[in-house]
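Notes for the structure review
Listed below are the residues making up each chain.
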Amino acid sequence: MVCSPVFSLLRDLFLILLFQMSMRGSDSFSVTGPSEPIVAMLGADTVLPCRVYPAMNVENMEIRWFRNQFSEAVFVYQNGMEQVGEQLVDFKGRAELVKDYITEGRVAVRIHSLRVSDNGMYKCFFKKGTDFEEAVLELKVIGIGSGPRVFLVGPEDGGIRLKCTGKGWFPQPEVQWEDVKGKKIPSVSEDETQDDDGLFQIEASLIVRDSSTTQMSCSMKNPFFGQEQAETIFIPESFFPRPSPWKAAFAVTLVILGVSAGAIVYLAWKERQGKKKLSKVEEEKKKESTSKGKTGHQTWWGCVTLYIYWRKEQFKAAAFTLDPKTAHPNLVLSENKQHISLKNNVSQNGDASTHEDQAVSEAIFSVLGDKSFTQGDTERQYWEVEVNTRTEAGSTTRCALGICSETVKREGWFVESPDKNFWVLVHEEGKVVFPNSQKNSPSLRQQPRRIGVFLDWEVGNLSFYNMADGSHIYSFTGVTFCGTLFPYFSLRGTGASLTICSTSDHPEHCPDSSPKTSLTHLSSSVPQEANSLL
């Protein structure tokens, strides 16, 4: 009886040993795959590995990788060769067996040119005789798309609406706005769509109401891979709506008018009750006269208030033409004085009729606008210019536009730079540069042809915008303007020309103008409507 526990222990050990020996002699095995998801880039190649345990030669096994259903075969290996009959059409020609270590029980299927549809779950299946096992794998396909691209849409709800777009992402990226201090700000709206290839296109919007926010960045990040891309846009302070005393005055006036109207209605009702003996004809004439008087006064007041408020909230379109008295002799001005080009006898390097010195090859031919800006001008001004830098054979074109002081030197050889009181954008050899600035040749989505110039003397800001897509090009900020400034234009090289876009709605003055993107058309249409009401 004392030995019975020892006997039981020995018996159990013996049974376990017999079981292990029988397992070694059988066909039993297990299959394992990666414990973590396999992450691969869209368009790249990847492998889905599996192995059997214990290690053994699996050349004579049936091996397959499939999706959710057994019949959805990605790759089938049987009788020592690939079986394409059961393979899904999407994987034909894109899947192959990696069998370098097949004798050790390690194999994989390689998928070429990954697509969005390849994303998801897979199973690898091994069968030997009547025994079979399988393992589950997960493949995460990621696409880092283009963008983001940030656009300044325009004023809205007391601030500036920004739009951030990106396309070609998978899965849907995480969008994040961030100000210059690193504060994260949520979007007011986000819209996403998928194209025929399953890639996401994102559009997120934000309204910035704080005028001290000079720049804002938008980033898009892949949630699985963690890689992100970002773009920053500069917001000139002058673009924010300024507080207007007319708003408060208008609100108070509306209240007073409401109370007065109520009192008038009440007194009129009391008067009608006290004069019941008046004839119906006299009463109707009186009502008609009163109604006409009130309606005319209210319409006039509302129209004038709307017009003045609109004028306080917008940039003023600067109407001017080119001043022939300031034009270089080698420039040709159009009859309406809104277009300049070089004379035919002026080559790419200056005056072809003479060959006197090297300085001529660097000559800049300039002209000023006939409108001046001084410190007393509190209104924000803007104008638009069409740029043509068509390059002819053997010619290097260059043109510049912006503002300059009336005291600058424009004869002979000179430099258009801020320290010489030139604040200009230079379009040269297909690039946009800013002389002596910290941001030479900025990265642009497209070369601007129609450029908006926005001047705010009070805050010392001069901004340039691509009016074709509304994108910001560059801003001179914190400038202390003094004296008298003029619109400035210069050319060099055959084929270069500049055209001042008219502030009217006549497209012939600016052939490539687009009403949808031009602030000129917006600024001209509203006052005309107000005048028609008046």
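Scroll up to find the structure this text is about.
Reference entry: report on the structure contained in this document. (Residues numbered from 1 in each chain as written. Predicted model: local features only at pLDDT ≥ 70, side-chain atom pairs only at ≥ 80, totals over all residues. Heavy atoms only, no water.)

1. Some points on the overall build of the chain
Note the threshold: Numbering of helices and strands runs from the N terminus; a helix is a DSSP stretch of H or I covering at least four residues, while a strand is a stretch of E covering at least two. Relative accessibility decides the category of a residue: with a 1.4 Å probe and only protein chains considered, values under 20% of the type maximum give buried, values over 50% give exposed, and everything between is partly exposed. For this analysis, residues touch if any pair of their heavy atoms sits within 4.5 Å. Here, Shrake-Rupley sampling with a 1.4 Å probe gives the accessible areas, and only protein chains in the shown set may cover a residue.
A tally of helices and strands in the chain yields four helices and 34 strands. For the chain, buried positions account for 39% of its 534 residues. A sequence separation of at least 24 residues applies to 63% of the contacts in the chain between residues at least 6 apart. Approximately 29,900 Å² of the chain is accessible, and the part contributed by carbon and sulfur atoms is 53%.

2. A closer look at the sheet that holds strand E5 (residues 73-78)
Picture the strands of a sheet paired through backbone hydrogen bonds; they go either parallel or antiparallel. Put simply, the test is: For two strands to pair, DSSP has to find at least two bridges joining them.
Spatially, six strands are ordered E2-E10-E9-E4-E5-E6 in an open sheet, and the strand pairing comes out mixed. Bordering the open sheet on either side are strand E2 (38-41) and strand E6 (81-82), each of which pairs with just one other strand. Where strand E4 (residues 62-66) and E5 come together, four bridges link them in antiparallel fashion. Bridged to Arg64 within E5 is Val76.

3. Observations concerning unusual backbone geometry
Glycine aside, a negative phi is what most residues show, and trans is what most peptide bonds show. Residues Tyr53 and Pro54 are joined by a peptide bond in cis, for which omega reads 0°. Along the chain, Pro54 turns up in the loop between strand E3 (46-53) and E4. Backbone torsion omega between Phe170 and Pro171 reads -10°, so that peptide bond is classified as cis. One can find Pro171 in the loop between strand E12 (159-169) and strand E13 (174-179). Backbone geometry places Asn79, a non-glycine residue, at a positive phi of 55°. Tracing the chain through its elements places Asn79 in the loop between E5 and E6. Located in the positive-phi region is Asp157, a residue other than glycine, with phi close to 50°.

4. Concerning a nonpolar patch on the surface
Stated precisely, the cut-off is as follows: Exposure above 30% relative accessible area and the absence of a salt bridge qualify a residue for a patch, where like charges join within 9 Å and nonpolar side chains (Val, Leu, Ile, Met, Phe, Trp, Tyr) within 5 Å. By salt bridge we mean one thing: a side-chain nitrogen of Lys or Arg within 4 Å of a carboxyl oxygen of Asp or Glu.
A cluster of nonpolar side chains, Val39, Met41, Phe224 and Phe225, forms an exposed patch at the surface whose accessible area comes to about 350 Å². Within the fold, Phe224 resides in the loop between strand E17 (215-221) and strand E18 (228-234). Judged by relative accessible area, Phe224 falls into the partly exposed class, the value being 42%.

5. A short note on the sheet that holds E17
One open sheet holds the four strands; their spatial order is E14-E13-E17-E18, and the pairing between them is antiparallel. In the strand order of this sheet, the two ends are held by strand E14 (184-185) and E18, each with one partner. Two strands pair when backbone bridges link them, and E13 and E14 are joined in this way by two bridges, in the antiparallel orientation. Considered in E14, the bridge of Glu178 is made with Lys184.

6. Side note on the environment of Asp45
Selection criterion: In the analysis that follows, any N or O atom pair within 3.5 Å is treated as a polar contact, provided that within protein one partner can donate a hydrogen and the other can accept it, and provided that, for residues neighboring in sequence, both atoms belong to side chains.
Structurally, Asp45 is set in the loop between E2 and E3. Measuring from C-alpha to C-alpha, the distance between Asp45 and Leu114 comes to 6.2 Å, with 69 residues separating the pair along the chain. Setting aside residues up to four positions removed in sequence, Asp45 forms contacts with Ile111, His112 and Ser113. Side chain to side chain, Asp45 and His112 meet in a polar contact 3.1 Å long.

7. Points about the pattern of salt bridges
Per the stated rule, a full pass over the model turns up 18 salt bridges. Residue Arg64 pairs with Glu62 through a salt bridge whose shortest N-O separation is 3.3 Å. Classification of Glu62 as buried rests on a relative accessible area of 12%. Note that Glu231 is salt-bridged to Arg149, the shortest N-O span being 3.6 Å. Here Glu231 is found in strand E18, whereas its partner Arg149 is found in strand E11 (residues 146-156), with 82 residues between them in sequence. What you see here is one network of salt bridges that share partners, running through Arg398, Glu416, Glu428 and Arg492.

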